[in-house]
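Below are the chains, spelled out letter by letter.
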Amino acid sequence: MSFGGFIGSSSSGGNGGGDGGSGVSRVVADSPYNNTMPPAATIAHQSQQLVTSPLTQPMFNSSPLSLALKPKMEGIGGMGLIGENFDAVAMGRSSREDEYESRSGSDNLDGGASGDDQDTPLGKSSRKKKYHRHTPYQIQQLEAAFKENPHPDEKARLELGKRLTLESRQVKFWFQNRRTQMKTQLERHENAILKQENDKLRIENIAMKEAMRSPMCGHCGGQAILGEIHIEEHHLRIENARLRDELNRICVLANKFLGRPLGSFPGTMPPGMANSGLELAVGRNGFGAMNSVDTALPMGLDFGNGLSSPLTMMSPRPTPSMSNTDVSFDKSMLMELAFAAMNELLKLAEIGDPLWFRNFDGSGEALNLEDYARSFPPCIGMKPSNFTTEATKATGTVMINCLALVETLMDTSRWVEMFSSIVGRTSTIDVISSSSTSGSRNGNLQLIQAEFQVLSALVPVRQVKFLRFCKQHAEGVWAVVDVSIDAIQEGSQPREAGNCRRLPSGCIVQDLPNGYSKVIWIEHMEYDENTIHNFYRPFIRSGRGFGAQRWIATLQRQCECLAVITSSAVPSGDSAAVVSPSGRRSIAMLARRITRNFCGGVCATFYKWEPIQTGTAEDTKLMMRKSIGEPGEPPGIVLSATRTIWLPVTHQRLFDFLRNEQTRSQWDVLSHGGPMHQIVHIAKGQDLGNSISLFRANAAASDANQNSMLILQDSCTDVSGSIVAYAAVDTAEMNVVMSGGDSSCVAFLPSGFAIVPDCFQNSNNGMLEKEDNGGSSNGSLLTLGFQILVNSLPAAKLTMESVDTVNALISRTLQGIKTAFQCN
């Protein structure tokens, strides 16, 4: 505690009032408890009444000190100024302070006292000083005036004193006391805040000291000894912990899928390492977030080819500890897998050589599996021993904007329409997460089941259940990723792996200024190659069967077709004078339905078919179904016949031959031995092979029923293969469609061909097709598919006569094609 004293004496004579004359001005504060209160309380009360002149203020502006003037008591011949530490005094008088402060500034010298009486030296005054207590009304008015202006000038003090029956100096002293009290209260509040902050910092300091005594490693979760472990030894410890963790998870997977107990696997992770904090990409039940020891990914991706955008990697979600092996997957597990898959997709799109290398035909890029295994831990667990990896990447420009493409991918009905030749059947099992913003697909997570197909009975349909996660990474930049969940186990029963698994696959889309989009497509699957016929294994390995090249090519072709068909301008070569723009759109919708039904019939994905005869490279695959006459199909027993053969003819030559109306009579029984007459031709893109044609059979045919039928043909071609699908339609119904009417009620049964290059290695160690006069190294795989109504009664039974008739039709058609190319 600090004390300061000051004894003041006034100058004799002169004007003793107000601020002048005397070298030191003093105001003595009175109190009704002057003779009874304890000295400490008296000092506390008087500390609120101190008023000093400008000469004395610099001596008492120290914040922790409060100064007080004690009035002259009986028997005391002088007056002293006492300064005490405010905090120490406040500890003992908090209860009385509130009472005194409520009346702060209310006691002043009586205005009737003369200046001589006030300036007489202490101990020599002949008359007793008079004191005046302000009334509650005066205090109320003074408080109101103080709120408006705490520093009134002389004129305002005179006016206020006149109104309250007070002298100007009384008003002045009251305002001075009130300002002193306000300053004291503010300092007290600031001191309390600083004390709290000091206590908080002291606690944090103690906690930091405790943490420094036992530091923990951020990688392995063990105790770190600073300055005593070599950096190489530290890395070895981290690698050792990672390998132990990975071994433990492999043992758990083996226990689930092979049925062997955990105890039969030596070297499992010890209990002390269970909560090591080292999270691998394998994660819980064989999947999880990105490897924590991977190098950090940059905030922006540069994809070359003009696509550069600030793609931010998804923050990896924490991977829960796999303490319980029988964990049923829930929403958090699926979200965890989706985030890990998105991170891997973005990283795969960013990295180029040597992770990716160009295919032999230059249509895309293939994944370097060795580099991938070193850089990316398994996202959905270890690959089955009998599976083969297929991973490709392709980049292209598509005639569609970013948002429209994202909406197409996230809507399964629109997705299967866009990729009808690849996706046979699909359904959304559950919407796990949807965006809070209405109409936005950002953050949307769906659980989808789909069937992927190559148009041949020699390639089994791939049935996959996978997550589809959509995320916007920047303005005009979106990413959609798929990842299989087949490795996730429900309860304690192991899930059957199936014939394929879908690793992180999908696309990254960026808007371009001209309404187009830049698309990077990545397809990464593991499949059982033993189920595929030898004819198609090279084709599947090349990426044209299920790879990114086929997805990009199909997307470009479909978007170009949509843009051409919906445009009001008629391309050159179209039958513009015959068909109106609305008629062209109706015909295009009908042709697209023919192609989709043909693909579904070949792979048995569009309808539910009953197998009759298993197809091989030498035999025909037969299936049947009962049609109840729904809109768009005739009622009765429908028989589907499919067969695949190899021909020593290039893909392009065979495609041109089959779609040409002049050579159609060599293989088509509907032509009645004569050439077809083209009525309508509608181009679907720049490639002449993408078109829609309407044919009429030979007009000289004697059968009137045949003359009433037309043939609508849809031709599609791209780098992955070609399709020629056609169907016989009624002339009256077709006239309605050509005039712009509804095409959904036109009944038909489609037939057609699917043509792909054989992709057999030639002498130049490449996969490019070369014209070689039908040489064996430049062949094609031709799949023929018929759907025939063998009985118009749905309740009827299939007869062997119908089966023989269909087999004979298949053989006759294939024989006509072989004869045309002289390859019997």
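Residues numbered from 1 in each chain as written. Predicted model: local features only at pLDDT ≥ 70, side-chain atom pairs only at ≥ 80, totals over all residues. Heavy atoms only, no water.

J.: Whenever I open this one, unusual backbone geometry confuses me. Can you help?
T.: Excluding glycine, residues mostly carry a negative phi; peptide bonds, for their part, are mostly trans. In this chain, Asp-353 is followed by Pro-354 through a cis amide linkage whose omega measures 10°. Following the sequence through the fold, Pro-354 ends up in the loop between α9 (331-350) and β8 (356-358). A positive phi is found at Cys-759, a non-glycine position, where the angle reads about 60°. Given a relative accessible area of 4%, Cys-759 falls into the buried group. Residues other than glycine seldom take positive phi values, yet Gln-822 does so here, at roughly 55°. For Gln-822, a relative accessible area of 74% gives the class exposed. (Helix = DSSP H or I, 4+ residues; strand = E, 2+ residues; numbered from the N terminus. Buried < 20%, exposed > 50% of the residue type's maximum accessible area, 1.4 Å probe, protein only.)

J.: Please clarify how the environment of Ala-553 should be interpreted in this entry.
T.: If you trace the backbone, Ala-553 turns up in helix α14 (residues 548-566). Here the alpha-carbon distance between Ala-553 and Val-398, two residues 155 residues apart in the chain, equals 9.3 Å. Those residues within four positions of Ala-553 in sequence are excluded, and the remaining contacts are Asp-718 and Val-719. (Contact = heavy atoms within 4.5 Å.)

J.: In this structure, what is going on with the UniProt feature "coiled-coil region" (unreviewed entry) in the chain? I would like to understand it.
T.: UniProt records the feature "coiled-coil region" (unreviewed entry) for residues 179-211 in the present numbering. Span residues 179-211 is 100% helix and 0% strand, its end C-alpha atoms 48 Å apart. (UniProt positions renumbered as here; feature names shortened; annotations may be inferred.)

J.: Would you explain the pairing of strand β10 (residues 388-398) in this entry?
T.: Two faces belong to every sheet, and in a regular strand the side chains alternate between them. For β10, the buried fraction is high: 8 of the 11 residues fall into the buried class. Relative to β10, strand β9 (residues 365-367) is paired through 2 bridges, and the arrangement is antiparallel. Each residue of the ladder has a partner; that of Glu-365, found in β10, is Lys-393. Examined bridge by bridge, β10 and strand β17 (residues 517-527) share 11 bridges and lie antiparallel to one another. In the strand pairing of β17, Thr-397 is matched with Lys-518. (Pairing = 2+ DSSP bridges.)

J.: Explanation requested: the pattern of salt bridges in the structure shown.
T.: Close approach of charged atoms allows side chains with opposite charge to pair. According to the stated counting rule, one finds 20 salt bridges in the structure shown. Of the charged contacts in the structure, one is a salt bridge between Arg-659 and Asp-656, with a shortest N-O distance of 3.5 Å. Taken as a pair, Arg-659 and Asp-656 lie in helix α16 (residues 651-659) at a separation of 3 residues, close to a single helical turn. Residue Asp-668 is joined to Arg-664 by a salt bridge in which the shortest nitrogen-to-oxygen separation is 2.7 Å. In terms of burial, Asp-668 and Arg-664 fall into one category: buried. One connected set of salt bridges, linked through shared partners, spans Arg-468, Asp-482, Arg-502 and Glu-523. (Salt bridge = Lys/Arg side-chain N within 4 Å of Asp/Glu carboxyl O.)

J.: What exactly am I supposed to notice about the environment of Pro-675 here?
T.: Within the secondary structure, Pro-675 is located in the loop between α16 and β21 (677-683). The spatial distance from the C-alpha of Pro-675 to the C-alpha of Arg-664 is 6.5 Å, given a sequence separation of 11 residues.

J.: Looking at this model, I keep getting lost on the sheet that holds strand β19 (residues 621-627). Mind explaining?
T.: Within a beta sheet, neighbouring strands are joined by backbone hydrogen bonds and run either parallel or antiparallel to one another. In space, the 9 strands of this open sheet follow the order β18-β19-β20-β26-β25-β24-β23-β22-β21, with antiparallel pairing throughout. The open sheet has two free edges, formed respectively by β18 (610-613) and β21, since each of these has just one partner strand. On average, each strand axis in the sheet is inclined to that of its neighbour by 20°, with strand direction left out of account. Sheet analysis places strand β20 (residues 636-647) next to strand β26 (residues 780-791), joined by 11 bridges and oriented antiparallel. Considered in β26, the bridge of Thr-642 is made with Gly-785. Here α14 sits on the sheet and contacts β21 and β23 (709-718); the angle it forms with β23, its principal contact strand, is near 130°. (Axes fitted to C-alpha atoms, helices over the stretch in contact; angles between N-to-C directions.)

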